[in-house]
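Geometric and topological summary
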Amino acid sequence: MGNKQTIFTDEQLDAYQDCTFFTRKEILRLHSRYHELAPHLVPMDYTNEPDCKLPLALIVDMPELKENPFRNRIVESFSEDGMGNLSFNEFVDMFSVLSEMAPRELKAIYAFKIYDFNVDNYLCKEDLEKTLNRLTKEELTPEEVELVCEKTIEEADLDGDNKLSYADFENMISRAPDFLSTFHIRI
Amino acid sequence: MEDNSVFFTDRSGRITSNPLLDQLPSYQSLLYRRKSSGAGTKRRGSSRGRLSSSGSVKWTINTMRRIEEKQTSQIGQRAIRELALNMAQKRRNKDQPLNKNQDLSSWRQWRQNTRRNLKRLRDDAEVFLSSMKLWKRDIHQIEGMFGTGILSYFSFLRFLVALNLFIFLLMFSFVILPIIIVPHTKGNITYDQHDETDCRVYQSSARRGLVNFHTHLGDLLSGGGFLEQTYLFYGFYKVDKIHFPKATYNLALAYLLATIAYLLLSLIWIVKRSATGFKRNLVQDEDRFQSFCNKIFAGWDFCITDQNTARLKRKSLFYELKTDLEEEKIKRKIADRTRKEKCRIYLIRVILNIFVIAILAACFYSIYIATTVSQEKQMNNVKVNFIEDLIVEYLPSIVITLANFITPLLFSVIINFEDYSPAFEIRFTLMRCVFMRLTSIGVLLFSLWSQITKCEEDSCVCGYNHKLYSCWETRVGQEMYKLTIFDFIIIFAVTIFVEFPRKLIVKYGQCGLAKWWGQQQFSIPQNVLEIVYGQTICWIGTFFCPMLPAICTIKYFLIFYIKKVSLIRNCRPSTRPFRASSSNFFFLGVLLIGLALACLPITVSIAQINCSQACGPFVNYNTSWQALPAALSHLPDGAQRFLYALSSEAFAVSFFVVTCLAMFYVIALAGAHKRVINQLREQLVVEGKDKRFLIQKLCQAQGPRSTSSVSGFHPGSPSRLSPSYHTSFSSNYNDAVFLTHPPPNSATPV
């Protein structure tokens, strides 16, 4: 196909198409969105894989993420340094996992990472409380928050250690019917 | 801080920082999934180093290598993009098999390349098809503003547009098209009119000559007058066979088979569309199963981009959580009810249910009366004036719409006294509304038929009242047409004359009444019932009015835009959020009920009531159904006998018995699976406890004296070494806990 774009080589586009759930057109569109965030930082020519990372503050300002209560955690989970600075690869990765076509198992892995605020591989009570407060903007009373967190752990905890490991989380999310349709960002 | 140790001592002050836990295969696979490439190899190297510091280096290294190979082979089996790795790792994994491929034969290479290219081609084709989908951008906009619940309503509307279009194409190509092309292909139409009886006299109400403009308008709205003798209605198709130069086309048979075909097509399409929804809902039979987890982890709609919508979603989540907490309280209250209270509640419920039945009966009776009065007045043919005539014609529609407007309000008031749990209240009210809506059509048709088959003498000569209803199918078609038109007018009028002023009043009104009334809520269940009602009428009416699907397609097309505008300008999302998953199930379930209900009148019309002898394709037969056996009698003898055997009672009964057996088997299987699942759950809990116990013992044993105590270790009281949690990636493992002293290989198969 005679596409006269010079942003990526053909091999790069092929690689992106195989490694993500996007088509070539969508990847080019993603690149233009990435470029829009910081036109002076992001080069237009990616053929030699420049090492350019955008900071967290720019990315969470995107309209798709702006209203999301977990936007900081989402960007942090996909960044290699854990601080939220995304290269283009990680940017594409993030939207690929959050796209419609990503399978449930893949989304579950990243959902677990997102909700794990203190990054200890468990969803403990503090993580749940933080999640709940972000969701309801702290409109529930502390007793209600406590009660809800208790009930959540009660419902999902299988091994009885009062926190949710990844196995508990995956088992629970496989039975959540809305997960696939809500854990999805359109870009 | 090592990022491969699971418990961080400095953060939480826990002392159990245990290298053993890091060696468990389940944690290893988590680490592998977690972060970047360089750290991964570093990690593996370090853990390997730790292992080799104690004895049996070779054994542990071999095991590690085996594990790595297994993981890489599992990568090969899954698509690259479904792995939770970052981009650089994925690209490397992608290139690795490619390099290995150089050694494979050229046949294998070619096969893999073609497979990859075909996959890419398929992806592009899917993208192209989905870009051609109707209303893609509008629905995207709605999803961003209102979330996935309301989105499902609009995609349901889009589905109905497509369904009606296909039904129309079916009827058009098999019934209307042959008649249209007859003059062009030198064919000729035959219908046997061997005996001129009374039954065959057709008194049409078509007008000739000059008439006023408003009579044309009246005809357009009522389907009579100049519309009666057009392709619109059944009566126009007075064609039995069409003789083309090369073949004979049996139009009567085609009409009958097209009717059956469109019902089957609708059924198959709806079932296919609802397959995933049914599966999920049948598995989770209890609605309150994981309600808190679902709300916290799958509650926020990541698609929301609008600030207002985000605020509303937060409010609705808050409301949902509060409702759930209340439900818990109510459940406890119900469990604590005394006997006296229970009796009182049951008595109240019985009384209220009788009251509901009385309301329904009253509505049905009024529909019956309205239909009878309307038919009689139309037969008298006394024209008073334009408006009154229209009201008389539309009387059944008006009564049905009024009834469908009042009864939901009544039901929602009544349910408050019946003291059910909130979730059940919603569902029960909805069921009652569904029943009301769909049965009102049935009552209308029943009253029509009682009129049609009521003659002055005791038994009708032609099987129906041929004096008043010389072409009764056209009359029924006209009633269906009127219902459709009136339904559309009401939707349009309510949006313009009720919702829009309401928004203005609420926005600019200062009085307390405006605040109390509040802004319009887009109530999904009521809207869905509205369009299912319209679709049921379309299904019933297509047999009598073959162009009705086209009218319905246009109607739903316009309704989409009306509702979208109304939603964006007038409404706020309902605080009772409708979950996307259960909504699909609900929509398609109600649609199926509508389809089942629509099949009933059509079956009765085709098989039971004598078809009109004065019009329509079935003038030569007693009932419409007889066209089929008449056509079959021309088939060879063997085929005839086979088909008659299929329709005999013996076959039907045995088929029914076999279906029942299959159903019982599947139910038993499901029950067995559920029991196994419960047992496995319990086992998982016990295994977790085992693991913690073991680790504790190990730590105690290892603590004071590091090496000497280990040799005295037995895999103590737990009956077997607990396999650690397997995740979906490491499910093929033969698990073994890595101790510093290699145990006998007593891995349990999972």
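Remember, predicted model here, so these are calculated numbers, not experimental data.

The next thing to look at is the overall build of chain A. On a plain count of helices and strands, chain A comes out with 11 helices and two strands. Projecting the C-alpha coordinates of chain A onto the three principal axes gives extents of approximately 60 × 30 × 25 Å. With 187 residues in all, chain A has 61% of them scored as buried. Taking the intrachain contacts of chain A between residues at least 6 apart in sequence as the baseline, contacts between residues at least 24 apart amount to 55%. Total accessible area computed for chain A in this model is approximately 7500 Å², and 49% of it derives from carbon and sulfur atoms.

Another point: unusual backbone geometry. Backbone phi values are negative for most residues with the exception of glycine, while trans is the configuration of most peptide bonds. At Glu49(A), a position not held by glycine, the phi torsion is positive, near 50 degrees. Of note in this structure, Asn121(A) is not a glycine but carries a positive phi near 65 degrees.

Before going further, it helps to spend a moment on the UniProt feature "transmembrane region" (unreviewed entry) in chain B. All names here are of chain B. Following the UniProt record, one finds the feature "transmembrane region" (unreviewed entry) at residues 159–181, 252–271, 346–371, 391–417, 480–500, 585–609 and 650–672. A helix fraction of 100% and a strand fraction of 0% characterise residues 252–271, whose end C-alpha atoms lie 29 Å from each other. Its end C-alpha atoms 33 Å apart, residues 650–672 is made of 100% helix and 0% strand.

Residue and element names in this part refer to chain B. Across the sheet, which stays open at both edges, the three strands sit in the order S1-S2-S3 with antiparallel pairing between neighbours. Every other strand in the sheet has two partners, leaving strand S1 (188–190) and strand S3 (248–250) as the edge strands with one partner each. For this sheet, the mean inter-axis angle between neighbouring strands, taken without regard to orientation, is 20 degrees. Pairing of S1 with strand S2 (residues 241–243) involves three bridges; the strand directions are antiparallel.

Here helix H17 (residues 422–452) of chain B is 31 residues long and its end C-alpha atoms lie 46 Å apart, about the 45 Å a rise of 1.5 Å per residue gives. Counting buried positions along H17(B) gives 22 out of 31 residues, so the element sits mostly inside the fold.

How big an interface is tends to be expressed through the accessible area that disappears when the partners come together. On the side of chain B, 71 residues touch chain A, which itself brings 76 residues to the contact. With both chains or domains summed, chain A and chain B bury close to 7000 Å², and 59% of this area falls on carbon and sulfur atoms. Run the count over chain A and chain B and you get three salt bridges. Glu144(A) is the partner of Lys322(B) in a salt bridge, and the nearest nitrogen-oxygen pair spans 3.0 Å. Across the contact surface, chain A and chain B share eight residue pairs in polar contact (both at pLDDT 80 or more). Counting only elements with at least two residues in the side of chain A that touches chain B, the list comes to helix H1 (10–19), helix H4 (63–66), helix H6 (88–97), helix H7 (104–115), helix H8 (125–136), helix H9 (142–156), helix H10 (166–173) and helix H11 (179–182) of chain A.

What counts as what
- Residues numbered from 1 in each chain as written.
- Chains lettered and ligands numbered in written order.
- Predicted model: local features only at pLDDT ≥ 70, side-chain atom pairs only at ≥ 80, totals over all residues.
- Heavy atoms only, no water.
- Helix = DSSP H or I, 4+ residues; strand = E, 2+ residues; numbered from the N terminus.
- Buried < 20%, exposed > 50% of the residue type's maximum accessible area, 1.4 Å probe, protein only.
- Contact = heavy atoms within 4.5 Å.
- Areas by Shrake-Rupley, 256 points an atom, 1.4 Å probe, with all protein chains shown as cover.
- UniProt positions renumbered as here; feature names shortened; annotations may be inferred.
- Pairing = 2+ DSSP bridges.
- Axes fitted to C-alpha atoms, helices over the stretch in contact; angles between N-to-C directions.
- Expected span 1.5 Å × (residues − 1).
- Buried area = accessible area lost by both parts, 1.4 Å probe.
- Salt bridge = Lys/Arg side-chain N within 4 Å of Asp/Glu carboxyl O.
- Polar contact = N/O pair within 3.5 Å; in protein donor to acceptor, adjacent residues only side chain to side chain.

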